[in-house]
2 protein chains.
Amino acid sequence: MHPEHATPEQLAALETRLSAQHQAFVRQGLALDLTRGKPSAEQLSLSDALDGILGGDYRAGDGTDTRNYGGLDGLPEAKRLGAALMGVDPGSVLVGGNSSLTLMYQAVLVAHRFGLTGADSAWSREAPVRFLCPVPGYDRHFTVCEQLGIEMLTVDMTPDGPDMDRVEALLAADPSIKGMWCVPKYSNPTGVVYSDATVDRIARLAHVAGPGFRVFWDNAYAVHDLHGFQALASIGDACERHGTADSVLQFASTSKITHAGSGVAFMSASPANLAGFKAFLSASTIGPDKVNQLRTVRLLPDAEALMAHMQRHAGILAPRFEIVLRALEAGFAGTGLGQWEAPAGGYFVSFDTLPGVASAAVALAAQAGVRLTPAGATFPYGRDPGDRNIRIAPSVPSLPELETAMAVFVNCVELASVRRMLAD
Amino acid sequence: MHPEHATPEQLAALETRLSAQHQAFVRQGLALDLTRGKPSAEQLSLSDALDGILGGDYRAGDGTDTRNYGGLDGLPEAKRLGAALMGVDPGSVLVGGNSSLTLMYQAVLVAHRFGLTGADSAWSREAPVRFLCPVPGYDRHFTVCEQLGIEMLTVDMTPDGPDMDRVEALLAADPSIKGMWCVPKYSNPTGVVYSDATVDRIARLAHVAGPGFRVFWDNAYAVHDLHGFQALASIGDACERHGTADSVLQFASTSKITHAGSGVAFMSASPANLAGFKAFLSASTIGPDKVNQLRTVRLLPDAEALMAHMQRHAGILAPRFEIVLRALEAGFAGTGLGQWEAPAGGYFVSFDTLPGVASAAVALAAQAGVRLTPAGATFPYGRDPGDRNIRIAPSVPSLPELETAMAVFVNCVELASVRRMLAD
């Protein structure tokens with residue numbers, strides 16, 4: 001039955017049946033978590049050789065004693081790993097600590113407060129400062145802006161990436177827009193890979209935008225393919241073509257490759273941006289943890305090792321995505337109650353309910369012991385204007401747990417949808 | 001001969017002899033480094049068991065899988081290690097990444113830009129913002145202020161710590177003074193341990209200072225004794241007595257205990273300050289490297305292990321300090337050309353030349369291949385008004401290298417002093 005074509009009586013009967021099923025789930029006392037994009041213990045164990053991998057040899061390839069202070073931008077071999085990950089030149093890479101979010105926060109802070117290319121370039125010399133945020137997007141990007149007092153303007157995602165007509169129009173009209181967040185491959189949460197044309201248009205934005213505009217290119221899922229490597233057009237090459245190398249800062253990390261909490265973070269940037277960033281960094285640290293960089297490089301010495309390692313992750317993750325997609329297909333295909341994409345990588349499935357249903361569905365799931373990211377979290381300020389988007393993160397539960405969680409999820413969305421229809 | 005009592009002819013003859021000796025050193029083509037307070041390779045090797053110490057067991061005491069994301073303020077056992085190090089309650093401790101300088105930078109940034117106790121408490125709402133800097137002091141403290149646009153006022157160090165009469169008078173007169181840097185034990189570079197009375201007076205400063213005043217208590221050398229443990233009065237207890245718990249933020253790390261570049265940093269603070277700090281932190285990281293915290297705690301499971309470990313460091317460092325002090329004694333006792341203290345711990349010997357001699361002596365040493373921290377570096381803005389202070393860091397060279405370096409140092413200070421006298 002397609003609920004949108006049901007009579008009020010049919011809807012009421014459906015509500016009764018779905019409610020009964022919901023109560024049955026509630027009585028099971030489940031405790032399942034689909035909230036965050038974390039690797040499972042099984043995935044983490046793929047990298048357990050890290051402990052002890054140095055065999056007492058703490059020397060980097062260039063003779064650096066990694067145990068001591070120093071080296072603001074990381075070991076040469078760690079730069080090469082970051083370069084392989086992001087598809088850039090090692091000379092453009094700065095290696096940070098355990099968190100690419102920290103590097104992104106610092107980069108926005110520097111551009112805003114200190115200026116990436118001298119004090120005159122600090123965004124804070126003008127007010128307001130605005131960012132473009134493709135939605136749905138990554139909540140922690142939005143939190144960075146919120147804490148720094150940067151206003152966020154949303155742009156819808158399309159199957160090719162952000163709606164570039166809209167992006168270009170906004171930038172042309174408003175020179176106070178100083179930045180844009182992008183997760184170009186397996187976008188969080190939609191799973192979209194930006195098309196070649198989108199990448200090229202993003203590389204040209206500096207010609208449209210006001211001075212000091214920067215794209216924050218969070219390539220978090222660069223090698224996180226589920227079904228074989230999928231290429232993303234090189235933003236660096238595109239910027240080279242358009243003479244806009246200063247306009248993009250790229251980020252990645254090994255957090256979802258090795259151990260999530262003790263990975264190695266990378267930034268790739270133009271010489272001017274690197275110089276500005278390092279001037280900031282030199283006041284706040286004597287250098288990153290080089291021992292952990294060396295460990296990571298010993299585990300993943302080259303691109304082949306990296307790719308083989310990611311295939312093992314895919315072997316664990318792909319069945320989980322299949323469960324989610326199968327449940328959505330079985331529950332919603334042809335019903336009009338939901339829309340979703342089948343991502344070929346990353347950590348999420350993004351699901352859009354009917355308007356005004358998402359938060360009720362998430363609340364119902366919580367009653368039944370299935371935790372979902374709060375509805376709205378994928379939008380700036382936590383406000384999804386349509387109350388539609390729910391981010392499903394299937395990596396942590398076991399396969400049987402995930403089957404159960406998705407059964408609950410489908411029932412909750414159906415129930416919340418029907419209740420909404422009855423209320424309208 | 002006491003050069004200050006020499007005739008011009010005697011001085012000229014002395015200059016000739018010292019110059020010849022200097023040229024002899026220059027011809028040796030030395031390359032020795034007395035600049036930074038880094039552990040030597042021998043010291044670093046004391047902690048080489050860190051690699052592999054987990055034996056594949058990545059679980060913390062409370063069952064936390066340290067490999068994954070999460071845990072903004074650190075593992076419970078790491079908090080206990082930080083508490084033992086700083087002599088505070090584990091509940092007051094936040095565990096950071098590999099750098100206490102980063103925690104200090106972040107704390108100053110939060111207090112300045114965001115407010116440690118709400119937006120209204122942000123120092124930046126008023127201008128100017130000033131800090132008290134005991135001198136000579138730690139150059140990286142001064143760099144933090146300089147980058148954040150905080151004006152620095154100097155206060156002289158005494159054998160009991162900062163000149164507290166002056167500190168109190170300045171604070172009473174100027175409510176724009178929002179902070180003060182302190183290295184309370186084996187102060188960088190003087191080696192002074194703050195007296196009990198000084199610690200007590202510092203804990204009372206909040207009653208004299210304007211709103212939002214904070215002491216940045218960098219307890220970097222808390223257990224870095226050369227000749228047995230020397231107690232520092234507890235600033236926390238003193239603040240408790242005076243009702244000023246919010247006015248002090250304490251910092252420490254294992255950087256000069258385990259591996260300098262991959263240590264674990266700690267902050268101890270009141271509940272209000274911790275809450276404000278964590279609100280900032282939550283936007284810029286998903287958490288610190290907990291695996292490294294676990295490794296560090298496995299190496300140093302309790303206070304006894306920590307103290308035994310530090311005795312091994314002392315066994316390596318103490319002979320180096322003896323060489324420096326013997327050379328200074330032999331070269332300068334009774335000459336009036338220099339003043340110094342014999343520190344009982346820390347990483348430095350602070351040496352004061354006659355006025356206007358330090359930078360010339362450092363330049364001469366550089367000619368002879370002995371690198372010293374630039375004269376002036378121990379003062380805000382790199383400006384030592386007397387051009388007197390030189391920081392000697394003896395930890396890295398071997399014992400024979402250090403003997404040679406000190407012979408060069410003594411000759412350079414003598415030569416620069418005599419030339420200065422001849423010019424006057």
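Within each chain, residues carry numbers counting from 1 in the order of the written sequence. The naming scheme follows written order: chains are lettered A onward, ligands numbered 1 onward. In keeping with the model being predicted, local features are shown solely for residues with a pLDDT of at least 70 and side-chain atom pairs are shown and tallied solely at 80 or more, while totals for entire chains, interfaces and linings include all residues.

Residue and element names in this part refer to chain B. Any two strands between which DSSP finds at least two bridges are classified as paired. Segments assigned H or I by DSSP are reported as helices when at least four residues long, segments assigned E as strands when at least two residues long, and all are numbered from the N terminus. Read across the open sheet, the three strands follow the order β10-β11-β13; overall the sheet is antiparallel. Because the sheet does not close on itself, it has two edges, and the strands there are β10 (338-340) and β13 (389-392). Averaged over all adjacent pairs, the angle separating strand axes in this sheet is 25 degrees, with direction ignored. Those strands touched by helix α11 (residues 303-332) are β10, β11 (349-353) and β13, and its axis lies near 20 degrees from that of β11. Throughout, a pair of residues is in contact if the C-beta atoms placed from their backbones lie within 7 Å. Helix axes are fitted only over the stretch in contact, all axes being lines through C-alpha atoms; the angle between N-to-C directions runs from 0 to 180 degrees. On top of the sheet, helix α12 (residues 358-367) reaches β11 and β13; it is set at about 40 degrees to β13, its chief contact.

Below, the discussion takes up helix α12 (residues 358-367) of chain A. All names here are of chain A. Along α12, the residues classified as buried are A358, A360, A361, V362, L364 and A365. In this structure, the buried residues of α12 make contact with α1 (8-27), β11 (349-353), β12 (370-372), β13 (389-392) and α13 (399-423). Just past α12, the residue G369 takes up positive phi, approximately 80 degrees. Burial in this document is a count-based property: other C-beta atoms within 10 Å of a residue's C-beta are tallied, and the residue is buried at 20 or more, exposed at 12 or fewer, or partly exposed in between, with C-beta positions derived from the backbone.

What follows deals with the sheet that holds β11(A). Residue and element names in this part refer to chain A. Strand order in the open sheet formed by three strands is β10-β11-β13, with antiparallel pairing between adjacent strands. What marks the edges here is a single partner per strand, and that holds for β10 (338-340) and β13. Recorded for the sheet is a direction-independent mean angle of 25 degrees between the axes of neighbouring strands. The sheet strands contacting helix α11 (residues 303-332) are β10, β11 and β13, and the helix crosses β11 at an angle near 20 degrees. Its contacts with the sheet put α12 on β11 and β13, and the angle it makes with β13 is roughly 40 degrees.

In this comparison the copies share one frame, found by least squares on the C-alpha atoms of residues holding pLDDT of at least 70 in both. Superposition of chain A onto chain B requires a rotation of 180 degrees combined with a translation of 0.0 Å along the rotation axis, giving an RMSD of 0.0 Å. Here the symmetry operator amounts to a two-fold rotation axis. When each C-alpha of chain A is compared by its distance to the rotation axis, G52(A) comes out closest, at 1.7 Å. Looking at chain A, 100% of its interface residues are interface residues in chain B too, so the copies touch through the same face.

This next bit is on the domain arrangement of chain A. Residue and element names in this part refer to chain A. Its domain assignment divides chain A into domain 1 (3-43 + 307-423) and domain 2 (60-300). Just so you know, the domain bounds were taken from an automatic or database domain assignment. Computed over C-alpha atoms only, the centres of domain 1 and domain 2 are separated by 30 Å. Considering every element that reaches the side of domain 1 that touches domain 2, the biggest residue donor is α11, with seven residues.

All names here are of chain B. Most of strand β8 (residues 248-253) sits inside the fold, with six of its six residues counted as buried. Burial of β8 is two-sided: the residues V248, Q250 and A252 facing one way and the residues L249, F251 and S253 facing the other way are all buried. Direction of pairing for strand β7 (residues 214-218) relative to β8: parallel, over a ladder of four bridges. In the strand pairing of β8, D218 is matched with F251. Of the pairings in the sheet, the one linking β8 to strand β9 (residues 265-268) comprises four bridges and is antiparallel in character. Counted as the bridge partner of A252 is F266 from β9.

Bringing the environment of I257(B) into the picture now. Residue and element names in this part refer to chain B. Of note, I257 is situated in the loop between β8 and β9. Under the C-beta neighbour-count criterion, I257 is labelled buried, with 26 such atoms within 10 Å. As a C-alpha pair, I257 and A416 span 159 residues in sequence and 37 Å in three-dimensional space. Setting aside chain neighbours within four positions, we find I257 in contact with G263, H309 and M310.

Moving on: the packing of helix α7 (residues 196-203) of chain A against helix α8 (residues 235-242) of chain A. All names here are of chain A. It is at 8 Å that the axes of α7 and α8 come closest, and there the two elements cross at 50 degrees. When the axis of α7 is compared with that of α8, the two are oblique. With respect to the hand of their crossing, α7 and α8 are arranged in right-handed fashion. Here V199, D200, I202 and A203 of α7 come into contact with α8, specifically with I235, A238, C239 and H242. Convention used here: angles under 35 degrees read as roughly parallel, angles over 145 as roughly antiparallel, angles from 65 to 115 as roughly perpendicular, and any remaining angle as oblique. Note on convention: the crossing is left-handed when the near helix lies turned anticlockwise from the far helix by less than a right angle, right-handed when the turn is clockwise.

Take the environment of D225(A) next. All names here are of chain A. For D225, the location among the structural elements is in the loop between β7 (214-218) and α8. Since 23 C-beta atoms lie within 10 Å of it, D225 is described here as buried. With sequence-adjacent residues up to four places away left out, D225 is seen in contact with Q230, M310, A314, A344 and G345.

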